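# Residue-level structural notes
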Amino acid sequence: MNLKPATLAQIDEVITHYPVKRSATLPLLHLIQEDVGYIPEEAIPWIAAKLELQPINVYEVVTFYPMFRRKPIGRRHIKVCRTLSCALLGGYKTCSALEKEFNTHLGEVSPDGEVTIDFVECLASCGTAPVVMIDDELHEKVDPAKAKQLADQIRADAKRRI
Amino acid sequence: MPAPTQRRLIFEHIDEPGYTNDLACYQKHGGYAVLRQAVTRKPEELIDEVKKSGLRGRGGAGFPCGVKWGLVDRKSGKPIYLIVNADESEPGTFKDRYIMHQDPHQLIEGTMISCFANNVKQAYIYIRGEMPHGARILEKAIAEARAANFVGPNILGTGYSCEIYVHRGAGAYICGEETGLIESLEGKRANPRIKPPYFPAVLGLYQCPTIVNNVETLCHVKHIAAMGGEAYAKIGTPGNTGTRIFCVSGHVQRPGYYEFEAGRITMGQLINEVCGGPLPGRTFKAVIPGGSSAKILRFGERFKGKRKVGAEMVDYDWGVEDVPMDFDSLAMIGTMGGSGGVIVMDDTVNMVEALANINAFYSHESCGQCTPCREGSLWMKRITTRMVHGQARTEDAALLKGVADQIPGRTICAFGEACSWPTQSFLAKFGDEFKGYAEAKGKNAERANILI
Ligand SMILES: Cc1cc2nc3c(=O)[nH]c(=O)nc-3n(C[C@H](O)[C@H](O)[C@H](O)COP(=O)(O)O)c2cc1C
Ligand code: SF4
Ligand code: FES
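These numbers were taken from a predicted model, which means no experiment stands behind them.

## Details of unusual backbone geometry
All names here are of chain B. Here the bond from K195 into P196 is cis, since omega is -15 degrees, no more than 30 degrees from zero. Residue position: P196 is located in the loop between α8 (178-185) and α9 (200-203). Along the chain, P196 connects to P197 via a cis peptide bond; the corresponding omega equals 10 degrees. For P197, the location among the structural elements is in the loop between α8 and α9.

## Observations regarding the interface of chain B and chain A
Each partner contributes residues to the interface: chain B has 60 residues there, and chain A has 41 residues. Together, the buried faces of chain B and chain A total about 4,000 Å²; carbon and sulfur atoms form 59% of this surface. If you sort the residues of chain B by the area they bury against chain A, R168, A170 and R189 of chain B come out on top, with a joint share of 15%. Put simply, chain B and chain A have two salt bridges between them. Across the salt bridge formed by D136 of chain A and R136 of chain B, the nearest N and O atoms sit 3.2 Å from each other.

## Comments concerning the packing of aromatic side chains
Here the structure, examined in full by the defined rule, presents 18 aromatic pairs over all chains. With a centroid separation of 5.1 Å and 80 degrees between ring planes, the pair formed by F116 of chain B and Y160 of chain B is classed as edge-to-face. One end of the pair, F116 of chain B, is in helix α6 (residues 104-118); the other, Y160 of chain B, is in the loop between α7 (132-147) and β3 (163-168), with 44 residues separating them in the sequence. Accessibility classification places F116 of chain B together with Y160 of chain B in one group, the buried group. What links up through ring pairs into an aromatic cluster is the set Y173, F361, Y362 and F415 of chain B. The side chain of R155 of chain A reaches across the aromatic face of F102 of chain A, ending 5.4 Å from its centre. Positioned over the ring face of W379 of chain B is R382 of chain B, at 5.2 Å from the centre of the ring.

## A look at the pattern of salt bridges
Residues and elements named next belong to chain B. Enumeration over the complete set of coordinates arrives at 44 salt bridges over all chains. R128 serves as the salt-bridge partner of E130, at 3.1 Å between the closest nitrogen and oxygen. Judged on exposure class, the residue E130 and its partner R128 are both buried. Of the charged contacts in the structure, one is a salt bridge between E178 and K195, with a shortest N-O distance of 3.0 Å. Separated by 17 residues along the polypeptide, E178 in helix α8 and K195 in the loop between α8 and α9 bring together distant segments of the chain.

## Things to note about the side chain of T266 of chain B
Residue and element names in this part refer to chain B. As for its placement among the helices and strands, T266 is situated in the loop between β8 (256-261) and α12 (267-274). A distance of 3.3 Å separates a polar atom in the side chain of T266 from the backbone oxygen of E321. Sequence-distant contacts of T266, defined by excluding residues within four places in its chain, comprise E321, D322, V323, P324 and M325.

## Examining helix α17 (residues 415-435) of chain B
One full turn of an α-helix is made of 3.6 residues, so residues set three or four places apart face in the same direction. At K429 of chain B, α17 of chain B shows its maximal bend, which comes to roughly 80 degrees. In terms of burial, α17 of chain B is a largely internal element, 16 of the 21 residues being buried.

## With respect to helix α3 (residues 43-50) of chain A
All names here are of chain A. Looking at α3, one finds that the buried residues are A43, I44, I47 and A48. An end-on view of α3 places all buried positions within 135 degrees of arc, on one side of the element. Packing partners of the buried residues in α3 comprise α2 (25-36) and α4 (55-64). Positive phi appears at E52, one or two residues downstream of α3, with a value of about 60 degrees.

## Some words on the packing of helix α16 (residues 396-404) of chain B against α17 of chain B
Residues and elements named next belong to chain B. Between α16 and α17, the shortest axis-to-axis distance is 10 Å and the interhelical angle comes to 165 degrees. One way to sum up the angle between α16 and α17 is to call them roughly antiparallel. The handedness of the crossing between α16 and α17 comes out as left-handed. Along the contact surface, α16 presents A397, L400, K401 and A404, while α17 presents S420, T423, Q424, L427, F434 and K435. Counted by class, the contact of α16 with α17 contains five nonpolar, three polar and two charged residues.

## Observations concerning the domain arrangement of chain A
Here the domain parsing of chain A yields domain 1 (5-64) and domain 2 (76-161). One C-alpha centre belongs to domain 1 of chain A, the other to domain 2 of chain A, and the line joining them spans 29 Å.

## What to know about the pairing of strand β9 (residues 284-288) of chain B
Residue and element names in this part refer to chain B. By the criterion of burial, β9 is predominantly enclosed, with five of the five residues buried. In the sheet, β9 pairs with strand β13 (residues 341-346) via four bridges, with the strands oriented antiparallel. Looking at β13, one finds that A286 is bridged to M345. Here β9 pairs with strand β10 (residues 297-298) via two bridges, running antiparallel. Bridging across to β10, V287 finds its partner in L297.

## Let's talk about a nonpolar patch on the surface
All names here are of chain B. On the surface, F63, V67 and L71 cluster together into a nonpolar patch covering about 270 Å² of accessible area. Within the secondary structure, V67 sits in helix α4 (residues 65-70). With a relative accessible area of 42%, V67 lands in the partly exposed category.

## Concerning the site of ligand 1
Residues and elements named next belong to chain B. Neighbouring ligand 1 are 18 residues; G59, K68, N85, N214 and T217 lie closest to it. One nitrogen or oxygen atom from the side chain of K68 is found 2.8 Å from an oxygen atom belonging to ligand 1. Between ligand 1 and E178, the relevant distance is 3.0 Å, taken from an oxygen atom to a main-chain nitrogen or oxygen of the residue. Protein contact buries 89% of the 620 Å² of open area that ligand 1 shows by itself. Per element, the largest residue contribution to the shell around ligand 1 is three residues, and it comes from strand β4 (residues 210-214). Looking at the shell around ligand 1 residue by residue, the class counts come to four nonpolar, eight polar and six charged.

What counts as what
- Residues numbered from 1 in each chain as written.
- Chains lettered and ligands numbered in written order.
- Predicted model: local features only at pLDDT ≥ 70, side-chain atom pairs only at ≥ 80, totals over all residues.
- Heavy atoms only, no water.
- Helix = DSSP H or I, 4+ residues; strand = E, 2+ residues; numbered from the N terminus.
- Contact = heavy atoms within 4.5 Å.
- Buried area = accessible area lost by both parts, 1.4 Å probe.
- Salt bridge = Lys/Arg side-chain N within 4 Å of Asp/Glu carboxyl O.
- Phe/Tyr/Trp six-rings, centres within 6.5 Å; stacked < 30°, edge-to-face > 60°.
- Buried < 20%, exposed > 50% of the residue type's maximum accessible area, 1.4 Å probe, protein only.
- Lys NZ or Arg CZ within 6 Å of the ring centre and 35° of its normal.
- Polar contact = N/O pair within 3.5 Å; in protein donor to acceptor, adjacent residues only side chain to side chain.
- Bend = angle between axes of the 7 residues up to and from the residue.
- Arc of directions from axis to C-beta.
- Axes fitted to C-alpha atoms, helices over the stretch in contact; angles between N-to-C directions.
- Parallel < 35°, antiparallel > 145°, perpendicular 65-115°, else oblique.
- Left-handed = near helix turned anticlockwise from the far one by under 90°.
- Nonpolar A, V, L, I, M, F, W, Y, C, P; charged D, E, K, R; others polar.
- Domains from an automatic or database assignment.
- Pairing = 2+ DSSP bridges.
- Patch = residues over 30% accessible without salt bridge, like charges linked within 9 Å, V, L, I, M, F, W, Y side chains within 5 Å.
- Areas by Shrake-Rupley, 256 points an atom, 1.4 Å probe, with all protein chains shown as cover.
- Near = heavy atom within 4 Å.

Right under this line is the structure:
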């Protein structure tokens, strides 16, 4: 596991926020996931050593919280809200539209490696349903037409990167 | 009667053109003047103001904030912690995120006043993992407040010091439950603790006395400190003081957030007038008044009984539209005001499908410690999903009720109630729809959205 120097600095800083080191487990997992893209196997004993814990203490946390991933995903992470208020206004349709756009299924990496689409629970934006989060960005009132625009945008971003 | 006009106390600057979330803008609007004044008073006086204000928690349970603060163990000699519950994840609720994104200093000022009042030296803001922007905005705002000496050592030269850190969750609803939140902040699975003995006020974070308050609740504290508890108690109605933010979603013309004096607006005024009524060609069928755990109401049903108005007992006979949107009135008709999330469903919605959606949520979010909750939520999800995607039987209604009735009262935390109330109330109010689902299934497909 090769963490960036900036990540290592942030890790050392965040541990100081707590009187008990173990509290830094979630922050460390977030920082590592942001750096590496997922939680690699070796991160677990590494964090345990850093926080003076047993690996199981870290492992049970990783497996409890849905945001932590054990394997790489597509370059962009699309999270579609499936909870009631969004579903009432077509969230499931939005999700199918996105799956079609990227020729993929929920939880898989799309064939071009560009995206992984997941269903998530209520994103606290029910008044502008249906909502979709792409990486850190929240998109509101995403009907199938807007889903297509967002997909076009993702593909345009991908081209620019090459 | 026409709907009252909004009274924006907490949301005064939300969506105001030109209002930004930096310190300069906040101070231009009088920001931190209340903290400056508060730190010159005795902490007990501030607690008294909150007691007098009648403020009830805005996180869901509506517990009186002053009473909560009064229960804190101040004799143990251990440090007292304050945790801001910014986990906002009750389906249908969307108010705290707007406060954190657009007016973070209001939260920080309210938090610092509350910390000073309770002699707290360390506060944490526990924010949902899915709100990375919110976390960054709060971190920046705290840094600004620290640089201006509103947070950190020797605040405003008083000798009082208090630090705030932001702590991010990672996508588990149960972290909103206060003892699950504490476990999570300790770096563990968010398994709620059993009460007694683990009342946060006595044995909370690191086994120290701990106050957990919702984001909105702490913002109200700022206004209470500003105007005094008595003046605040005059807003709203007795027992339901201050303002209430309603987050309306689902099938109305104008969904969104609206802030009114508590108890002064009825359900009908809110969803018909303020939110513009049903979508064209539709009629209202059902509404969940306080986040997805609250029991559902069916349009057309009537609620009758006696209630206290002032010193007298008077009869009431209400339709759903007539119910005042306050904690006590909603409790009286068998549901709850909860977190203020109002989810409206019109006549295109099939109740079996809507319940299947809700059940999928609870089954996904159960922490799994208690067998009735873990297995019950899973079975309720399986049965309702099978009814929609497989075969539906007449006896499923009784089966579902049998499962739901075995959960409440047999679990460590209130999630047990939260996950069984939807099934129980949907069956009580729409039992016929469950029994007749096999025939009704698919008939409404071109009008309805897929819900599961
Ligand atoms: C299952 C469950 C989920 C909860 N989720 C939240 C939440 O997301 N945000 C919140 O403020 N309170 C939530 N609560 C309520 C908290 O346990 C706690 O009562 C609240 O934060 C206290 O703050 P208040 O007194 O200011 O309302 C939840 C409770 C339960 C049982
Ligand atoms: S009631 Fe459910 S969520 Fe609460 S502690 Fe038990 S299993 Fe966990
Ligand atoms: S239900 Fe989708 S944001 Fe709340």
